[in-house]
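Okay, here's what each chain looks like letter by letter:
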Amino acid sequence: MARAIHQNRAGTFFSSTLILWLVSVFFEILFNKRTELIPVLAGGCFYQLANLITRFWISRDPLFVNTCVSLLHSTVTSASVIFILATQWTTKDLNEMFDHSEVFGGTWPWAYKALCFSCGYFAYDQWDMLRYGLFSGWIPSILVHHLILLICFTLALYRNVTVNYLILTLICELHSIFLHVRKVRRMAGVRNASSKIVRMEWIFNWLTFFIARLTSHILITMKLLTDAPKFGGGMELPLALFGMAGMNLLNIFLGVDLFNAYRREKKPQQDHRNE
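These lines cover the structure that appears in this document, whether it is placed above or below.

The rules behind these values
- Residues numbered from 1 in each chain as written.
- Predicted model: local features only at pLDDT ≥ 70, side-chain atom pairs only at ≥ 80, totals over all residues.
- Heavy atoms only, no water.
- Helix = DSSP H or I, 4+ residues; strand = E, 2+ residues; numbered from the N terminus.
- Rg over C-alpha atoms; globule rule 2.2 N^0.38 Å.
- Contact = heavy atoms within 4.5 Å.
- Patch = residues over 30% accessible without salt bridge, like charges linked within 9 Å, V, L, I, M, F, W, Y side chains within 5 Å.
- Areas by Shrake-Rupley, 256 points an atom, 1.4 Å probe, with all protein chains shown as cover.
- Salt bridge = Lys/Arg side-chain N within 4 Å of Asp/Glu carboxyl O.
- Polar contact = N/O pair within 3.5 Å; in protein donor to acceptor, adjacent residues only side chain to side chain.
- Phe/Tyr/Trp six-rings, centres within 6.5 Å; stacked < 30°, edge-to-face > 60°.
- Buried < 20%, exposed > 50% of the residue type's maximum accessible area, 1.4 Å probe, protein only.
- Axes fitted to C-alpha atoms, helices over the stretch in contact; angles between N-to-C directions.
- Parallel < 35°, antiparallel > 145°, perpendicular 65-115°, else oblique.
- Left-handed = near helix turned anticlockwise from the far one by under 90°.
- Core = buried A, V, L, I, M, F, W, Y, C linked by side-chain atoms within 4.5 Å.

To continue, consider the overall build of the protein chain. Secondary structure summary: the protein chain contains 11 helices and 0 strands in total. Going residue by residue from the N terminus, the α and β elements of the protein chain occur as α-α-α-α-α-α-α-α-α-α-α. In terms of overall size, the protein chain behaves like a compact globule, its C-alpha atoms giving a radius of gyration of 20 Å where 275 residues would be expected to give roughly 19 Å. The C-alpha extent of the protein chain, read off along each of the three principal axes, is 65 × 45 × 35 Å. Pairs at least 24 apart in sequence give 77% of the contacts found in the protein chain among residues at least 6 apart.

Given below as structure tokens:
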């Protein structure tokens, strides 16, 4: 009973913030003529459509549908980020690519649209989890994660600054691909830890966790701290540091959860060998 009450309170709070966010986006588009923000709404509609198609053709299980759409987002976003960075790498050297003026005030081709589209996904996903109760705890970490991203992404899009920084943070979606693949695989009943597919999945899961998520976010945080004097007196640096602090903390929790999941999957195999 107490758990349900706390879940309702969390749901009410996060639903309210999502509604305020949506009103803000519509206000910017309709009254401030910010038509470049339309891909935010397009992204939300695209992933909601993917949700409906998955629900109609594959499964009606809310968690399975949500995970499949999340896998789609991770794949699309990873491909977009790799394309953006690869395109820049062919025209600029690394020092120029990651110069403060470039990552703070510049916007790489397609970066703004990619960030808008991904922002729309996080709004869709927040709504889907709230709608079907796909969260738990007094302060659900997944809803906090999405709220932090929506705040950081939206303010960056409104002010058209740090867009490239945020594109760099989305490198972590490479790891999310394997998180979602693991979840879908287990829901589909494939749980044999000794199979080659599962072993390869875990290898890529750990590699991308350490390289694409943990290391990349630490390097971005170090870049922010190193370039702190170049930010001036605006709100961008405190907000960016707050966002990255939250992301790094959540990465630690995710790493612990991933390690525990790995041990649980390996334990039945070890017990079988000891029989």
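Notably, Trp110 is not glycine yet its phi reads approximately 75 degrees, a positive angle. Relative to the helices and strands, Trp110 resides in the loop between helix H5 (100-105) and helix H6 (111-132). Of note in the backbone geometry, Thr162 takes a positive phi value of approximately 55 degrees without being a glycine. Position of Thr162 relative to the elements: it lies in the loop between helix H7 (141-159) and helix H8 (163-169).

Let us now look at a nonpolar patch on the surface. On the surface, Leu49, Leu52, Ile53, Phe56, Trp57 and Ile58 cluster together into a nonpolar patch covering about 740 Å² of accessible area. Considering the arrangement of structural elements, one finds Leu49 in helix H2 (residues 38-57).

Here His175 lies in helix H9 (residues 173-187). Polar side-chain contacts of His175 include one of 2.9 Å to the side chain of Asn205. In this structure His175 touches Asn205, Thr208, Phe209, Ala212, Arg213, Leu254 and Leu258, once residues within four positions along its chain are discounted.

Enumeration over the complete set of coordinates arrives at 19 aromatic pairs. Ring plane angle 75 degrees and centroid distance 5.2 Å describe the contact between Tyr47 and Tyr121, whose orientation is recorded as edge-to-face. Placement of Tyr47 in helix H2 and of Tyr121 in helix H6 is noted, with a sequence separation of 74 residues between them. Pair check on accessibility: Tyr47 and Tyr121 agree, each one buried. Geometrically, the ring pair formed by Phe122 and Phe153 is edge-to-face, given 5.9 Å between the ring centres and 80 degrees between the ring planes. Here Phe122, found in helix H6, pairs with Phe153, found in helix H7; they are 31 residues apart in sequence, far enough to count as distant. Phe153 shares its class with Phe122; the two are buried. Three or more aromatic residues joined by ring pairs form one cluster here, namely Phe46, Tyr47, Phe117, Tyr121, Phe122, Tyr124 and Phe153.

What follows covers the packing of H2 against H6. Following both chains from N to C, one finds H2 and H6 inclined at 50 degrees, their axes separated by 6 Å at the closest point. The orientation of H2 with respect to H6, classified from their angle, is oblique. Where H2 crosses over H6, the handedness of that crossing is right-handed. Between H2, through Pro39, Val40, Ala42, Gly43, Gly44, Phe46, Tyr47, Gln48, Asn51 and Arg55, and H6, the contact on the second element is made entirely by Lys113, Cys116, Phe117, Cys119, Gly120, Tyr121, Tyr124, Trp127, Asp128 and Tyr132.

In this structure, Phe153 and Ile167 are the most contacted members of the largest nonpolar core, which totals 56 residues. Among the elements that take part in this core, H6 stands out by supplying 12 residues, more than any other. Ignoring any residue separated from it by four or fewer positions in sequence, one finds Phe153 in contact with Leu115, Ser118, Cys119, Phe122, Leu166 and Leu170. By size, the runner-up hydrophobic cluster in this structure holds 7 residues, among which are Leu179, Trp206, Leu258 and Ala261.

On to the pattern of salt bridges, then. What the rule picks out here adds up to 10 salt bridges. Among the ionic pairs, Glu236 bridges to Arg159, the shortest N-O distance being 2.6 Å. Placement of the pair is Glu236 in helix H11 (residues 236-274) and Arg159 in helix H7, with a sequence separation of 77 residues. Residue Glu236 is classed as buried on the basis of its relative accessible area of 13%. Put simply, Arg182 and Glu265 hold a salt bridge, and the shortest N to O gap is 3.3 Å. Here the residue Arg182 occupies a position in helix H9, and Glu265 occupies one in helix H11, the gap between them amounting to 83 residues. Linked by salt bridges that have partners in common, Arg182, Arg185, Arg186, Glu201 and Glu265 make up one network.

Don't take any of this as a statement about function, it's just geometry.
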